[in-house]
Amino acid sequence: VGGTERVLLHFTGDRSQQSTDSLTFASTGYGVQVAPGEASWTAATKLQVYGTPLTKLLCTVPSSLEITDVESTGLEAWELADDPDDKQATLLTLSYRQPIDTQREITFRGVTAAPVGAAWTVPQLTIKQVTSHIGRVVVKHGAGVRVRVLEANGVRSAASEAGSSSLTYDVWREAFRLA
């Protein structure tokens, strides 16, 4: 405040004075249930928005993943299209009736092929224009199914329940690869 002897501060809870800066944080819990020939995929995302509210959210998933459902409070519509920036990805556009200005939960569901005896990767969800995106992956499989990790990049193994038929990983990078 320099050499000013007196400073007057005014605190307000008025949300009409929004910052033009935007910070968006995402945390996603991936659940993959593996069976011979296919894997069902669920991604439960918690989105936290600070600053400029969002009315549209752009996400991408690998084109090998077939999205079957998207659920979120206030979601007006969602649509799928080929991603113009990546031929191997599908672009999801989520449109909301009212802008997201605090937090929101979004659940994505889909299926992908998991050929018996062949390598496959856990599909990743990429959310465009987020500041940070972390999460956790839980791969569940039946007692008669054997799963072996071939590649783990951007993830680290987390403790799984003793005797459970699941693998758990913490995701610290949005562009992770778990094969």
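Report follows, based on the coordinates. (Residues numbered from 1 in each chain as written. Predicted model: local features only at pLDDT ≥ 70, side-chain atom pairs only at ≥ 80, totals over all residues. Heavy atoms only, no water.)

Take a nonpolar patch on the surface next. A cluster of nonpolar residues, Val7, Leu9 and Phe11, forms a patch on the protein surface that exposes about 380 Å² of accessible area. Within the secondary structure, Phe11 is located in the segment before strand S1 (22-35). (Patch = residues over 30% accessible without salt bridge, like charges linked within 9 Å, V, L, I, M, F, W, Y side chains within 5 Å. Areas by Shrake-Rupley, 256 points an atom, 1.4 Å probe, with all protein chains shown as cover. Salt bridge = Lys/Arg side-chain N within 4 Å of Asp/Glu carboxyl O. Helix = DSSP H or I, 4+ residues; strand = E, 2+ residues; numbered from the N terminus.)

Counting across every chain of the model gives three aromatic pairs. For the ring pair Tyr30 and Trp41, a centre distance of 6.3 Å and an interplane angle of 50° mean the geometry is tilted. Of the two residues, Tyr30 is situated in strand S1 and Trp41 in strand S2 (residues 37-51); the sequence distance between them amounts to eleven residues. Like Trp41, Tyr30 is buried. Geometrically, the ring pair formed by Tyr30 and Phe176 is edge-to-face, given 5.4 Å between the ring centres and 65° between the ring planes. On the criterion of sequence distance, the pair formed by Tyr30 in strand S1 and Phe176 in the loop between strand S12 (166-171) and strand S13 (177-178) is long-range, its members being 146 residues apart. Given a relative accessible area of 4%, Tyr30 falls into the buried group. With a relative accessible area of 4%, Phe176 lands in the buried category. An aromatic cluster is defined as three or more aromatic residues linked by ring pairs; in this entry it consists of Tyr30, Trp41 and Phe176. (Phe/Tyr/Trp six-rings, centres within 6.5 Å; stacked < 30°, edge-to-face > 60°. Buried < 20%, exposed > 50% of the residue type's maximum accessible area, 1.4 Å probe, protein only.)

Gaps left between atoms show up when a probe the size of a water molecule is rolled over them. Estimates place the volume of the largest pocket at around 510 Å³. Lining the largest pocket are 24 residues, and of these Ala118, Trp120, Arg146, Val147 and Arg148 lie nearest its centre. Of the residues assigned to the lining of the largest pocket, the class counts are 19 nonpolar, three polar and two charged. Considered as a void within the structure, the second largest pocket measures approximately 310 Å³ in volume. Around the second largest pocket sit 17 residues that line it, and Val61, Pro62, Gln88, Thr121 and Gln124 are the ones nearest its centre. (1 Å grid on protein atoms, 1.4 Å probe; cavity = no way out; pocket = protein on both sides within 12 Å on 5 of 7 lines; lining within 4 Å. Points joined across faces, edges and corners; volume = space filled by probe spheres on them. Nonpolar A, V, L, I, M, F, W, Y, C, P; charged D, E, K, R; others polar.)

Moving on: the side chain of Thr90. Relative to the assigned elements, Thr90 resides in strand S6 (residues 89-100). Residues within four places of Thr90 in sequence aside, it is in contact with Cys59, Thr60, Val61, Pro62, Ser63, Leu80, Ala81 and Asp83. (Contact = heavy atoms within 4.5 Å.)

Taken by themselves, the reported measurements are silent on function.
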